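Coordinates in review
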Amino acid sequence: MMGEEKSSTWHPEGCALYYKLIILLILFIHIYQIKRIKSLNYWKKKNKKIIKICRRNLKEIYNLIETSNKFIIGGTLLGSIRNSDIIPYDDDVDIGIYVEKENNISNIKKQIYKSSIKYNYKYKDTFYGCKLIKNKIGVDIFFYKPDGKGKFISITDYWPNDYYYTNELTKFDKSYILDNIYNICSNTSNYLKRTYGNNWKNTYITHIHSLDPNNIQLSNLTIENIMNIYLILILKILNINT
C-alpha cells in the first residue's frame with residue numbers, strides 16, 4: 001500500500017512573524033549604522049589619512065596662489081572656525097578668490113596651473129573656477145566677481161547664496177587650520193548663517209564628495225562609501241542629521 005504524502009500547510013501567522021523579524025533586523029541595522037556615521041570619532045578614524053592630505057594640499061595651493069585676494073571658504077572655513085582644523089568627515093578643501101574685473105580670472109588660472117605643475121597636481125577647469133587634485137584629494141577654487149551692487153558674486157548661478165558683501169572681502173580676518181594662518185571674510189558669522197543657516201555652529205553631516213561627478217574614482221566605489229551616502233540621504237529626508 002502506497003504511503004500517503006503529507007500535505008504542506010501554510011501558516012500565515014508564522015510568515016508574518018518571520019517578516020516582522022526581518023523588518024526589525026533591518027531597522028536595527030539602520031539605527032546602528034546611522035549612529036555610526038553621526039559619530040565624529042568614526043570619521044576621524046576613517047578619514048585620518050584623508051584629513052592629513054587635505055591639510056597639506058590646502059597649504060600648498062594656498063601658498064602658490066600669487067594674488068592676495070584669496071581666502072578659505074565653505075566647509076574649510078566652517079572647520080577652521082569651529083575647531084581650527086578640517087571637518088572630520090570632509091574630503092576636499094575650498095579656496096575663494098575675488099577679482100575686481102572678470103577678465104582677470106584667466107590670468108590667475110594660468111598662474112595657478114603653471115605653479116601647480118611643480119607640485120604634481122592635476123588641473124581641471126570647472127564651471128565655478130578650477131580644481132586641483134593630488135593623492136585623490138581635490139582643492140576647489142571658486143572665483144567671485146563684483147555685481148555692481150555692493151556684492152561679490154560667484155561666477156556661476158549654481159549657488160545663489162554664495163556671495164559676499166564688498167566690505168566682507170576688502171579687509172580680511174584671519175583663522176587657523178592647525179598652525180597655518182589663512183584669510184577669511186570679515187563678518188564671518190553672517191556669511192556662515194546665510195550659507196548654512198542659523199544652526200551653522202552645530203555639527204551635522206549633509207553630504208560627502210566620494211561619489212560626486214567631479215570626484216568619482218574607482219577607489220571610492222566601496223560598499224562603505226555607498227552605504228554612507230545612502231544613510232546620509234536618509235538623515236536629510238527625515239531631517240534627523242543634527
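Before reading further, recall that the structure is shown in the block above.
To keep things clear, this report deals only with the structure shown in the data block. (Residues numbered from 1 in each chain as written. Predicted model: local features only at pLDDT ≥ 70, side-chain atom pairs only at ≥ 80, totals over all residues. Heavy atoms only, no water.)

**Observations concerning the environment of L169**
Under the convention used in this document: Helix and strand definitions here come from DSSP, where helices need a minimum of 4 consecutive H or I residues and strands a minimum of 2 consecutive E residues; each element is numbered from the N-terminal end. With a 1.4 Å probe rolled over the protein chains alone, any residue whose accessible area is under 20% of its type maximum counts as buried; one over 50% counts as exposed, and the rest are partly exposed. Any two residues having at least one pair of non-hydrogen atoms within 4.5 Å are treated as being in contact.
Within the secondary structure, L169 is located in helix 6 (residues 166–169). When its relative accessible area of 0% is taken as the criterion, L169 is described as buried. Residues L169 and I184, spaced 15 residues apart in sequence, show a C-alpha to C-alpha distance of 8.2 Å. Contacts of L169, omitting those with residues within four sequence positions, involve F71, Y98, F152, Y164 and C185.

**Details of helix 7 (residues 188–196)**
Every buried residue belonging to helix 7 is among T188, Y191, L192 and R194, and all of these are buried. For helix 7, the elements touching its buried residues are helix 4 (74–83), strand 7 (163–165), helix 6, strand 8 (173–177) and strand 9 (180–184). Downstream of helix 7 by one or two residues, G197 has phi in the positive range, about 95 degrees.

**Let's talk about a nonpolar patch on the surface**
Note the threshold: Each patch is built from salt-bridge-free residues with over 30% relative accessible area, joining like charges within 9 Å and nonpolar side chains (Val, Leu, Ile, Met, Phe, Trp, Tyr) within 5 Å. Here the accessible surface of atoms and residues is derived via Shrake-Rupley with a 1.4 Å probe, and residues count as covered only by protein chains that are part of the display. Each reported salt bridge corresponds to a side-chain nitrogen of Lys or Arg within 4 Å of a carboxyl oxygen of Asp or Glu.
On the surface, F127, Y158 and W159 cluster together to form a nonpolar patch covering roughly 350 Å² of accessible area. Looking at the element boundaries, F127 is found in the loop between strand 3 (122–126) and strand 4 (129–134).

**Considerations on the pairing of strand 2 (residues 92–98)**
The condition is simple: Two strands are counted as paired when DSSP detects at least two bridges linking them.
Burial within strand 2 is extensive, with seven of its seven residues counted as buried. On strand 2, burial covers both faces: D92, D94, G96 and Y98 on one face and V93, I95 and I97 on the other are all buried. Both strand 1 (residues 70–72) and strand 2 contribute to a ladder of three bridges, which runs antiparallel. Note on strand 2: the bridge partner recorded for F71 is G96. As judged from the seven bridges shared by strand 2 and strand 5 (residues 137–146), these two strands associate in the parallel manner. Bridged to G96 within strand 5 is F142.

**Overview of the pairing of strand 6 (residues 151–154)**
Sheet analysis places strand 5 next to strand 6, joined by three bridges and oriented antiparallel. When the bridges of strand 6 are listed, Y144 appears paired with S154. Between strand 5 and strand 6, which pair antiparallel in sequence order, lie four residues; one of them, G148, sits at a positive phi of approximately 80 degrees. With three bridges joining them, strand 6 and strand 7 adopt antiparallel strand pairing. Bridging from a neighbouring strand, F152 pairs with Y164 of strand 7.

**Here's the deal with unusual backbone geometry**
Positive phi, normally seen in glycine, also occurs at N135, with a value near 55 degrees. If you trace the backbone, N135 turns up in the loop between strand 4 and strand 5. For N187, which is not glycine, the phi torsion reads 50 degrees and is therefore positive. Looking at the element boundaries, N187 is found in the loop between strand 9 and helix 7.

**Overview of the pattern of salt bridges**
This structure, assessed with the given rule, holds six salt bridges. When the shortest N-O distance is used, the salt bridge between D85 and R55 registers 2.9 Å. Note that D85 is positioned in the loop between helix 4 and strand 2 and R55 in helix 3 (residues 48–64), a separation of 30 residues in sequence. Overall, the relative accessible area of 13% leaves D85 in the buried class. K109 is paired through a salt bridge with D125; the nearest N and O atoms lie 3.0 Å apart. With K109 in helix 5 (residues 105–117) and D125 in strand 3, the pair connects residues that are 16 residues apart, well separated along the chain.

**A closer look at the packing of helix 4 against helix 7**
Worth spelling out the cut-off: Angular values range over 0 to 180 degrees, each being the angle between N-to-C directions of two axes fitted as lines to C-alpha atoms, with helices fitted over their stretch in contact. If an angle is under 35 degrees, it is roughly parallel; if it is over 145, roughly antiparallel; if it lies from 65 to 115, roughly perpendicular; otherwise it is oblique. Left-handed is the label given to a crossing in which the near helix is rotated counterclockwise from the far helix by less than a right angle, and right-handed is the label when the rotation is clockwise. Gly is put with the polar residues, along with every residue not named as nonpolar or charged; the nonpolar set is Ala, Val, Leu, Ile, Met, Phe, Trp, Tyr, Cys and Pro, and the charged set is Asp, Glu, Lys and Arg.
Interaxial distance between helix 4 and helix 7 falls to 11 Å at its minimum, and their mutual angle equals 130 degrees. By the angle between their axes, helix 4 is oblique relative to helix 7. Viewed along their axes, helix 4 and helix 7 form a crossing whose handedness is left-handed. Contact residues: helix 4 offers G74, G75, L77, L78 and I81, while helix 7 offers T188, Y191, L192 and Y196. Looking at the contact of helix 4 with helix 7 residue by residue, the class counts come to six nonpolar, three polar and no charged.

**Some words on the packing of aromatic side chains**
Put simply, the rule reads: Think of it this way: a Phe, Tyr or Trp ring, Trp meaning its six-membered ring, pairs with another when their centres are within 6.5 Å, and the plane angle makes it stacked under 30 degrees, edge-to-face over 60, tilted otherwise. Here, a charge over a ring is recorded when the distance from Lys NZ or Arg CZ to the ring centre is within 6 Å and its angle to the ring normal is within 35 degrees.
Summed over all chains, the structure comprises 19 aromatic pairs. Pairing F142 with W159 gives two aromatic rings, centres 5.6 Å apart and planes at 70 degrees, and the pair type is edge-to-face. With F142 in strand 5 and W159 in the loop between strand 6 and strand 7, this residue pair connects regions lying 17 residues apart in the sequence. Residue classification places F142 among the buried positions, given a relative accessible area of 10%. Three or more aromatic residues joined by ring pairs form one cluster here, namely F71, Y98, Y144, F152, Y164, F172 and Y191. Cation over ring: K70 sits above Y62, and NZ or CZ is 4.6 Å from the ring centre. Stacked on the ring of Y163, the Lys or Arg R194 has its end atom at 4.6 Å from the ring centre.

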